[in-house]
Amino acid sequence: MKVAELTKTLAYGPAPEAAKPALDWIAEHNAKFQLFINNEWKNPSGKEWFDSMNPATGKKLASIAQATAADVSTAVKAARKAYPSWSATPGHIRARYLYAIARQIQKHSRLFAVLETLDNGKPIRETRDIDIPLVARHFYYHAGWAQLMDKELPDHQSLGVVAQIIPWNFPLLMLSWKIAPAIAMGNTVVLKPAEFTSLTALLFAEICASVGLPPGVVNIITGDGRTGSAMVDHPDVDKIAFTGSTDVGRIIRKATAGTHKKLSLELGGKNAMLVLDDADPMDAASKAVYACFTSMGQLCVSIERIYVDRRVAEVFIPEFARKTRALVLGSAFDYSTDVGSLTSAAQLERITAKVGDAVAKGATVLAGGKARPELGPYFFEPTVLTNVTPAMECFAAETFGPVVAVTIVDSEAEAIAAANDTEFGLNASVFTGSVARGRRVADQLNTGSVNINEGYRGSFGSVDAPMGGMKKSGLGRRNGVEGMTRFVDARTVAELTGLLALPTTGRHFERLVGPLVLLAKVLKAIRRA
């Protein structure tokens, strides 16, 4: 057998990572976690707790506190009390705290990675090599912004208390996107992680206390949608920063209408990849696998639609389907695993229903298409569909899972029109042999980010490039100066300068007429001389 053939069939050997560090940490807390308010751990006032489960096995990991409206008020009060001192803290001092947090995240990176995998279900290869390094990078980056705030954003001031609600797909990374810029700009924070994935946020709270972050600057409260609603409705919150579904984002926007609260929303997407006629179909197929199925497709910028030109479709489609079928499903703690478990029963139910609806209405399954209960309760195969029509539920609505629809088109214009034919506008991808052509096509796509010859890694992995959506995919941007301005208010501080100030009334103007005439005569005489 030739070497080239061996590389296509050679199986990875097992490369397990131990879950013990995370399990030991949970055991140290007696598998029960309180609310982190004002640098103290507090029991929920309602004495209610909920279970945090390992999605790969369905087994309970810990009991988590369910915060009530009263607990939300306590956290907001602590944040409000801390705000005057924190906002007045010089930027270079705030930067020290962010640097310290970043260093501690790096120091405990293995614990964070293992705990994230245990709680979320994604492969250890992703949490160790992508998620946790990016978390540290965001805190380092925003430490720089804290130090440069007065220079780069003169006459800007922080907002106050920021309530932040994050989802379960990238628990700690989402936290870093929210907390780092907020506290760098001098705000204080009350953050709620998703009820499915609270553990790394609680470990992060311990780090905040360990580096000496002043009490009340960061408060972590856990709970379900009731807690989130109480945060949105609280009258002493100055800004809501939410990442999640478009439906919930719409509810939050209505709830905050008519209030003083500022709003940032990172919402859903139905992201398209365009494989043009001059693209390398083999390269596009390889990168499409990553773009569609990393994190089990549970990523707002994941590709869910592929429009491939007919002239390269005969190579691209079978290669993409083959590579998808070759993905390794299995234990999230094995470094040879490509795809782990979905995060919840609700996710499995929704994705199974969408694929079943598509197949029942005539879609063709080229890869995957079914649950894998023998691997764990929420495993589902990465799925490639063709012949997807508007009558199917997965055609226009966000799937947020390992399902992608491939459609053949006959021209660049047809691909662009199809990609834009959606209520979302988050991310898009263009594969072409010409970067200039890619940029020209990108200019015609109505999305917040476009990646050329890549799915989303170029924009998603950056800490400086603005990230956000158009249309129903969100409001505002994160990262870079655009992200910083979402956590400050611009002010104009004016000082009249020059020889004369402008008159404010007609009488004042009359008093100036004589001196102005005399000045004009003097200047005229000087010019003649």
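Fair warning: this is a prediction, and the values are worked out from it, not measured in the lab.

Draft legend 1. Looking closely at the overall build of the protein. Each helix and strand counted, the protein has 19 helices and 22 strands in total. Referenced to the eigenvectors of the C-alpha coordinate spread, the extents of the protein come out at roughly 100 × 60 × 45 Å. For the protein, buried positions account for 54% of its 529 residues. Put simply, the protein shows about 22800 Å² of open surface, and 56% of that area lies on carbon and sulfur atoms.

Draft legend 2. Main features of the pattern of salt bridges. This structure, assessed with the given rule, holds 33 salt bridges. The residue Asp 277 makes a salt bridge to Arg 311 at a minimum N-O spacing of 3.6 Å. Residue Asp 277 is located in the loop between β12 (271–275) and α11 (281–293), and its partner Arg 311 is located in helix α12 (residues 310–325); the two are separated by 34 residues in the primary sequence. Its relative accessible area of 29% is what places Asp 277 among the partly exposed residues. Of the charged contacts in the structure, one is a salt bridge between Asp 278 and Arg 437, with a shortest N-O distance of 3.0 Å.

Draft legend 3. Spatial organisation of empty space enclosed by the protein. A full pass over the atoms with the stated rule returns four cavities of 30 Å³ or more. Here the largest cavity is characterised by a volume of approximately 120 Å³. Lining the largest cavity are 14 residues; nearest its centre among them are Lys 178, Ser 264, Glu 266, Arg 477 and Arg 478. Those elements that provide at least two residues to the lining of the largest cavity are α7 (171–184), β10 (239–243) and β11 (262–266). Counting residues per element, the lining of the largest cavity draws most heavily on β11, at three residues. Within the lining of the largest cavity, the residues separate by chemical class into six nonpolar, three polar and five charged. Counted as a void, the second largest cavity has a volume near 80 Å³. Along the walls of the second largest cavity sit 16 residues, with Lys 270, Arg 305, Ala 419, Asn 427 and Thr 447 positioned nearest its centre. For the lining of the second largest cavity, the secondary-structure elements that each account for two or more residues are β12, α15 (412–420), β17 (424–425) and β18 (427–431). Of the residues assigned to the lining of the second largest cavity, the class counts are six nonpolar, eight polar and two charged.

Draft legend 4. Main features of the sheet that holds strand β1 (residues 32–33). If you walk across this open sheet you meet the three strands as β1-β5-β4, and the pairing is mixed. In this open sheet, the two edge strands, each paired with only one partner strand, are β1 and β4 (49–54). With two bridges connecting them, β1 and strand β5 (residues 59–65) associate as parallel partners. When the bridges of β5 are listed, Lys 32 appears paired with Ser 63. Contacts between helix α5 (residues 109–120) and the sheet are confined to β4 and β5, with β4 contributing the most and set at about 100° to the helix.

Draft legend 5. Region of the structure containing α15. Considered for burial, the residues of α15 that qualify are Glu 412, Ala 415, Ile 416, Ala 419 and Asn 420. Buried residues of α15, viewed axially, fall in a sector of 125°; they line one side.

Draft legend 6. Highlighting the environment of Asn 43. Residue position: Asn 43 is located in the loop between β3 (40–42) and β4. Counting along the chain gives 159 residues from Asn 43 to Leu 202, while the straight-line C-alpha distance between them is 14 Å. With residues near it in sequence (within four places) discarded, Asn 43 still touches Gln 34, Trp 49 and Asp 71. In this structure the side chain of Asn 43 is engaged in a polar contact, spanning 2.9 Å, whose partner is the side chain of Gln 34.

Draft legend 7. A look at the packing of aromatic side chains. Within the structure shown, the criterion is met by 12 aromatic pairs. With a centroid separation of 5.5 Å and 80° between ring planes, the pair formed by Trp 168 and Phe 400 is classed as edge-to-face. Taken as a pair, Trp 168 in the loop between β7 (161–165) and α7 and Phe 400 in the loop between α14 (393–396) and β16 (403–409) lie far apart in primary sequence, 232 residues in all. A relative accessible area of 15% means that Trp 168 is categorised as buried. Directly above the aromatic system of Phe 487 lies the positively charged group of Lys 239, at a separation of 5.2 Å from the ring centroid. The ring centre of Trp 177 lies 3.4 Å from the NZ or CZ of Arg 478, which sits over that ring.

Draft legend 8. View of the layout of surface pockets. Each pocket or cavity is described by its volume, and for the largest pocket that value is around 1000 Å³. What lines the largest pocket is a set of 40 residues, and nearest its centre among them are Trp 168, Phe 242, Gly 244, Ser 245 and Val 248. For the lining of the largest pocket, the secondary-structure elements that each account for two or more residues are α9 (225–233), β10, α10 (246–256) and α13 (345–360). With seven residues, the single largest contributor to the lining of the largest pocket is α10.

Calculation rules
- Residues numbered from 1 in each chain as written.
- Predicted model: local features only at pLDDT ≥ 70, side-chain atom pairs only at ≥ 80, totals over all residues.
- Heavy atoms only, no water.
- Helix = DSSP H or I, 4+ residues; strand = E, 2+ residues; numbered from the N terminus.
- Buried < 20%, exposed > 50% of the residue type's maximum accessible area, 1.4 Å probe, protein only.
- Areas by Shrake-Rupley, 256 points an atom, 1.4 Å probe, with all protein chains shown as cover.
- Salt bridge = Lys/Arg side-chain N within 4 Å of Asp/Glu carboxyl O.
- 1 Å grid on protein atoms, 1.4 Å probe; cavity = no way out; pocket = protein on both sides within 12 Å on 5 of 7 lines; lining within 4 Å.
- Points joined across faces, edges and corners; volume = space filled by probe spheres on them.
- Nonpolar A, V, L, I, M, F, W, Y, C, P; charged D, E, K, R; others polar.
- Pairing = 2+ DSSP bridges.
- Contact = heavy atoms within 4.5 Å.
- Axes fitted to C-alpha atoms, helices over the stretch in contact; angles between N-to-C directions.
- Arc of directions from axis to C-beta.
- Polar contact = N/O pair within 3.5 Å; in protein donor to acceptor, adjacent residues only side chain to side chain.
- Phe/Tyr/Trp six-rings, centres within 6.5 Å; stacked < 30°, edge-to-face > 60°.
- Lys NZ or Arg CZ within 6 Å of the ring centre and 35° of its normal.

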